[in-house]
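What follows is the residue order along each chain.
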Amino acid sequence: MAQARSSRPLSPHLQVWRWGPAMLVSILHRVTGNGLAFVGLGLLLWWTGALASGPEAYNDFLNWVWIGEGGSFPFVTAILGKVVLVGLTWAFFQHMATGLRHFVLDVGAGYELEANARWSVITLAFAGLATALFWAFVLLR
Amino acid sequence: MGNGTSIGRVRGLGSSHHGAHHWLASRLSAVGNLVLIPFLMVSLALMPTHDFATVHAWAAKPIPSTALVLIMINTFYHARLGVQVMLEDYVHEESGKVAVWLLVNTLPLAGAAYGIISVIRIALGSA
């Protein structure tokens, strides 16, 4: 890394700044986006691939990710599977909300300190609430 | 590119007006995902059960299978753009950049192709 060897000062990084909502949701946008890209799309391909391969492959998928029967290993992966699915749902809602926030920022609105902080907090609240409502609907109906 | 003033030495470097395309493509594919992913989530949530027969029958219908093919194209494209930006920020060595450039230009395409083939296989009734 050429910059690191020069005597010029490095730009300040995470530890220097006081945490604020805008900083948090900006970081979360990147984290959730990459999580969805690697974990979410991986799971999507496993799901559609299993569905295309027939009942046996699909039931294996269901067992590994959700049901967890036939040994301690599937039991553990099924717990992880539920955590990952809920996590992906939250990541989608958070990424969607911060993405919509970016659309607003792109047209030049919402840069005033208070409005910026308020809308950042609203994306966090929306993602939490939407995730809870989605899973409540799926599991309780 | 001039060689006199400091602005002249850097003019024409950087994104050279190509950055806007990447940015715009990211936004356009985001709008696509804004429609496609809620469609998938609502469809899954409304299914009576999630056994093979139910899910396969749903995915084989024309609108769901069209949506799934579009999801394969759009999500992998959007993800490819976003992951590229992340890697550009964190990978600094030239060799790493080459490896990352190779991965970002091949893996998403391979993933999308596998997904599309799977959906076509479901839709056309084999397996």
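Note that this is a predicted model, so its numbers are computed, not measured.

Quick look at the overall build of chain A now. Within chain A, the secondary structure is distributed over five helices and zero strands. The order of α-helices and β-strands along chain A, N terminus first, is α-α-α-α-α. For chain A, the C-alpha radius of gyration of 20 Å lies well beyond 14 Å, the compact-globule estimate for 141 residues. Dimensions of chain A, computed from the C-alpha atoms along their principal axes, are close to 60 × 45 × 25 Å. If you take every contact in chain A between residues at least 6 apart in sequence, the share linking residues at least 24 apart comes to 58%.

A word on the overall build of chain B. Looking only at helices and strands, one finds five helices and zero strands in chain B. If you list the helices and strands of chain B from N to C, you get α-α-α-α-α. By the compact-globule yardstick of 14 Å for 127 residues, chain B is too spread out, its C-alpha radius of gyration being 20 Å. C-alpha atoms of chain B, sized along the principal axes, occupy 70 × 30 × 25 Å. Per-residue burial for chain B yields a buried fraction of 19% across its 127 residues. Taking all contacts inside chain B whose residues are at least 6 apart in sequence as the whole, residues at least 24 apart take part in 67%.

To continue, consider the interface of chain B and chain A. Of the residues lining the interface, 25 residues belong to chain B; the matching set on chain A comes to 23 residues. Elements with a minimum of two residues in the side of chain B that touches chain A: helix 2 (19-46), helix 3 (52-60), helix 4 (62-90) and helix 5 (94-123) of chain B. Of the residues assigned to the side of chain B that touches chain A, the class counts are 17 nonpolar, seven polar and one charged.

The next subject is the nonpolar core. Judged by nonpolar contacts, the single largest core of 29 residues is most densely connected at Leu51 and Phe92 of chain A together with Ala59, Leu68 and Met72 of chain B. Where this core is concerned, the elements lending two or more residues are helix 2 (21-53), helix 3 (55-67) and helix 4 (72-106) of chain A together with helix 3, helix 4 and helix 5 of chain B. Examining the composition of this core, we find that seven residues originate from one element, helix 2 of chain A, more than from any other. Among residues more than four places away in sequence, those in contact with Met72 of chain B are Ala112, Gly115, Ile116 and Val119 of chain B.

This part takes up helix 4 of chain A. In a regular helix each residue adds 1.5 Å, so 35 residues correspond to 51 Å; helix 4 of chain A covers 49 Å between its end C-alpha atoms and thus fits that length. Looking at helix 4 of chain A, one finds that the buried residues are Gly81, Ala91, Phe92, Phe93, Gln94, His95, Met96, Ala97, Thr98, Gly99 and Arg101 of chain A. Buried positions along helix 4 of chain A lie against helix 2, helix 3 and helix 5 (113-140) of chain A together with helix 2 of chain B. Just beyond helix 4 of chain A, the residue with positive phi is Gly108 of chain A, at close to 95 degrees.

All names here are of chain B. Tracing the backbone shows His56 in helix 3. Given 17 C-beta atoms within 10 Å, His56 falls into the partly exposed group. Placed 63 residues apart in sequence, His56 and Val119 show a C-alpha to C-alpha distance of 9.9 Å.

Take the confidence of the model for chain B next. Low pLDDT means the predicted coordinates in that region are not meant to be read closely. On average, residues of chain B carry a pLDDT of 92, and 94% of them reach 70 or more. Per the prediction output, this complex has pTM 0.89; the corresponding ipTM is 0.88.

On to helix 2 of chain A. In this model, helix 2 of chain A (33 residues) spans 45 Å end to end at C-alpha, consistent with the 48 Å of a helix rising 1.5 Å per residue. At Leu36 of chain A, helix 2 of chain A shows its strongest bend, of approximately 35 degrees.

Residues and elements named next belong to chain A. Orientation of helix 4 relative to helix 5, taken along the N-to-C sense of each, is 145 degrees, at an axis distance of 8 Å. As helix 4 runs across helix 5, the sense of the crossing is right-handed. Here Val86, Thr89, Trp90, Phe93, Gln94, Ala97, Thr98 and Arg101 of helix 4 come into contact with helix 5, specifically with Trp119, Thr123, Phe126, Ala127, Ala130, Thr131, Phe134 and Trp135. Residues of the contact of helix 4 with helix 5, tallied by class, amount to 10 nonpolar, five polar and one charged.

With that settled, consider the packing of helix 2 of chain A against helix 4 of chain B. Running from amino to carboxyl end, helix 2 of chain A crosses helix 4 of chain B at an angle of 145 degrees, the nearest separation of the two axes being 10 Å. For the crossing formed where helix 2 of chain A meets helix 4 of chain B, the hand is left-handed. Contacts between helix 2 of chain A and helix 4 of chain B pair Arg30, Gly33, Asn34, Ala37, Leu41 and Thr48 of chain A from the former with Leu68, Thr75, Phe76, Ala79, Gly82, Val83 and Met86 of chain B from the latter. When the residues that make up the contact of helix 2 of chain A with helix 4 of chain B are grouped by side-chain class, the tally is seven nonpolar, five polar and one charged.

What counts, and at which threshold
- Residues numbered from 1 in each chain as written.
- Chains lettered and ligands numbered in written order.
- Predicted model: local features only at pLDDT ≥ 70, side-chain atom pairs only at ≥ 80, totals over all residues.
- Helix = DSSP H or I, 4+ residues; strand = E, 2+ residues; numbered from the N terminus.
- Rg over C-alpha atoms; globule rule 2.2 N^0.38 Å.
- Contact = placed C-beta atoms within 7 Å.
- Buried ≥ 20, exposed ≤ 12 C-beta atoms within 10 Å, placed from the backbone.
- Nonpolar A, V, L, I, M, F, W, Y, C, P; charged D, E, K, R; others polar.
- Core = buried A, V, L, I, M, F, W, Y, C linked by C-beta atoms within 7 Å.
- Expected span 1.5 Å × (residues − 1).
- pLDDT = per-residue confidence, 0-100.
- Bend = angle between axes of the 7 residues up to and from the residue.
- Axes fitted to C-alpha atoms, helices over the stretch in contact; angles between N-to-C directions.
- Left-handed = near helix turned anticlockwise from the far one by under 90°.

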